[in-house]
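Now for the letters of each chain:
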Amino acid sequence: MSDNILTNRHDFLMLFEVTNGNPNGDPDAGNMPRLDPNSNRGLVSDVCLKRKVRNFVEQFPHDRANSDANGFNILIKQGAVIETEQKKGIEAAKAQQKDKDKQAEAAMKWLCREFYDVRTFGGVLSTGDDVMKGSAWGQVRGPVQFTFGQSFHPITPLEMTITRCAVTKEADKAKERTMGNKYIVPYALYVAKGYVSPAFAERTGFTQTDLNVLFEALALMFRNDPSAARAEMVLRGLYDFEHVGTQHENNAEQNKREARLGCAHAHKLFEGIEVELTEKAKAKGFPESFTDYHVTCEWTENNLPKGIRLHKRHEA
């Protein structure tokens, strides 16, 4: 894998399913699965998907090539205090850069180098009272961004009552059991889209190695992040459209410019991935499993838009 800064734009599409689980509960609605009230289609927030990537990278960190290479620590994780890590970056910047006007930039670059999630997704670093506060370098726009995931068809969340034979408080000892509830989605297939910008990769130091780690995390995130509420979440497709330029290989500079800007509209590329219910599922009126869907990729080497390469990083 190369450690060069990413130079090519990528647009990718993910298909994933949930069976008898809650893919992303809404804390403002009693942890009920998120849904669009207009269509009753299920939703999964971009923050939820980023959390899966963060968890994977934290659990299975990539080896750091050397002390000056990008690190794979995670800043936004349970129990972390952002200001504590930020101060480490500020102290490192002060040791390297005596010019106070340049210390904020140096601290931002240090944090991007040390923390994979800052380098990938960006973040607000202008907290506290030190050099980052009020600085333009305190807001980092990451090269990788996700859309909300959305189910292809309406979902019907079910509320299940559960019981526990133990009690929490001494005062409740006489009770035989305590009651609770949980929500599940019987079945749903979701789609989410993502974009990787070389322009922002240059600012944060996001490399080709970082991109490979991202796609590894997306391919394996549900396999290594199970819970009682999400025991049956499965990735069913991961399609990566890489922009490489339309010019002859001798015209390297123009190809580089086109690959950075993009050679085709992302929505047109995504429309080539068709997901439809089977005739049997249409007769039932709702899907019950992945076998109720036909997933078709119309793109081949012969009909892809010029300047685009399709990497099928995962297919069901």
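Right above here is the structure, for reference.
This paragraph deals with the overall build of the protein chain. Within the protein chain, the regular secondary structure consists of nine helices and 14 strands. Structurally, the protein chain occupies a C-alpha span of about 65 × 60 × 35 Å along its principal axes. For the protein chain, buried positions account for 43% of its 316 residues. If you take every contact in the protein chain between residues at least 6 apart in sequence, the share linking residues at least 24 apart comes to 73%. Approximately 17100 Å² of the protein chain is accessible, and the part contributed by carbon and sulfur atoms is 46%. Each charge class in the protein chain can be summarised by its mean position, and for the 42 positive and 43 negative side chains these summaries are 3 Å apart.

It is worth spelling out the pairing of strand β10 (residues 178-196) at this point. One ladder, built from eleven bridges, connects strand β1 (residues 10-21) with β10; its direction is antiparallel. The residue of β10 that forms the bridge with His-10 is Val-196. Examined bridge by bridge, strand β7 (residues 144-146) and β10 share three bridges and lie antiparallel to one another. Looking at the pairing, Gln-145 lines up with Tyr-195 of β10. Pairing of strand β8 (residues 149-154) with β10, which is carried by two bridges, proceeds in the antiparallel orientation. Paired with Gln-150 across the bridge in β10 is Val-191. With seven bridges joining them, strand β9 (residues 158-164) and β10 adopt antiparallel strand pairing. Residue pairing in the sheet places Leu-158 in a bridge with Ile-184 of β10.

In this model, the largest pocket occupies a volume close to 240 Å³. Taken together, 16 residues line the largest pocket, and the ones lying closest to its centre are Leu-13, Phe-152, Val-191, Lys-193 and Phe-270. Broken down by secondary-structure element, the contributors of at least two residues to the lining of the largest pocket are β1, β8, β10, α8 (266-270) and β12 (273-277). Of the residues assigned to the lining of the largest pocket, the class counts are nine nonpolar, three polar and four charged.

This part takes up helix α2 (residues 82-96). Its 15 residues place the ends of α2 21 Å apart at the C-alpha level, agreeing with the 21 Å of an ideal helix rising 1.5 Å per residue. For α2, the set of buried residues is Gln-86, Gly-89, Ile-90, Ala-92 and Ala-93. Down the axis of α2, the sector holding all buried residues measures 165 degrees, keeping them to one side. Residues of α2 that are exposed and point over 90 degrees away from its buried face: Lys-87 and Ala-95. Where the residues of α2 are buried, they touch α3 (100-114).

A surface patch of negative charge is lined by Glu-271, Glu-274, Glu-276 and Glu-298. Along the chain, Glu-271 turns up in the loop between α8 and β12. Relative accessible area serves as the criterion here: at 48%, Glu-271 is assigned to the partly exposed category.

We now examine the packing of α2 against α3. It is the contact of α2 with α3, at a shortest axis distance of 8 Å, that shows an interaxial angle of 125 degrees. If you check the angle between α2 and α3, you find them oblique. For α2 against α3, the interelement crossing comes out right-handed. Here α2 contributes Glu-85, Gln-86, Lys-88, Gly-89, Ile-90, Ala-92, Ala-93 and Lys-94 to the contact with α3, which in turn contributes Gln-103, Ala-106, Ala-107, Trp-110 and Leu-111. Classifying every residue of the contact of α2 with α3 gives seven nonpolar, three polar and three charged.

Attention shifts here to the environment of Phe-72. Within the secondary structure, Phe-72 is located in the loop between α1 (46-59) and α2. The exposure class of Phe-72 is buried, given its relative accessible area of 9%. Sequence separation between Phe-72 and Gln-103 is 31 residues, and the spatial gap between their C-alpha atoms is 23 Å. Ignoring anything within four residues of it in the chain, the contact list for Phe-72 reads Val-57, His-62, Asp-63, Glu-114, Tyr-116, Arg-119, Thr-209, Asp-210 and Val-213.

It is worth spelling out α1 at this point. If you check α1, its first and last C-alpha atoms are 20 Å apart, about what 14 residues at 1.5 Å a residue would give, namely 20 Å. The element α1 is largely enclosed, with a buried count of ten among its 14 residues. All of the buried residues in α1 are Asp-46, Cys-48, Leu-49, Lys-50, Lys-52, Val-53, Arg-54, Asn-55, Phe-56 and Val-57. The secondary structure elements touched by the buried residues of α1 are β1, β4 (41-44), α4 (116-121), β7, β10 and α6 (208-220).

Calculation criteria
Residues numbered from 1 in each chain as written. Predicted model: local features only at pLDDT ≥ 70, side-chain atom pairs only at ≥ 80, totals over all residues. Heavy atoms only, no water. Helix = DSSP H or I, 4+ residues; strand = E, 2+ residues; numbered from the N terminus. Buried < 20%, exposed > 50% of the residue type's maximum accessible area, 1.4 Å probe, protein only. Contact = heavy atoms within 4.5 Å. Areas by Shrake-Rupley, 256 points an atom, 1.4 Å probe, with all protein chains shown as cover. Lys, Arg positive; Asp, Glu negative; His and termini not counted. Charge placed at Lys NZ, Arg CZ, Asp CG, Glu CD. Pairing = 2+ DSSP bridges. 1 Å grid on protein atoms, 1.4 Å probe; cavity = no way out; pocket = protein on both sides within 12 Å on 5 of 7 lines; lining within 4 Å. Points joined across faces, edges and corners; volume = space filled by probe spheres on them. Nonpolar A, V, L, I, M, F, W, Y, C, P; charged D, E, K, R; others polar. Expected span 1.5 Å × (residues − 1). Arc of directions from axis to C-beta. Patch = residues over 30% accessible without salt bridge, like charges linked within 9 Å, V, L, I, M, F, W, Y side chains within 5 Å. Salt bridge = Lys/Arg side-chain N within 4 Å of Asp/Glu carboxyl O. Axes fitted to C-alpha atoms, helices over the stretch in contact; angles between N-to-C directions. Parallel < 35°, antiparallel > 145°, perpendicular 65-115°, else oblique. Left-handed = near helix turned anticlockwise from the far one by under 90°.

Shape descriptors only; they carry no functional weight alone.
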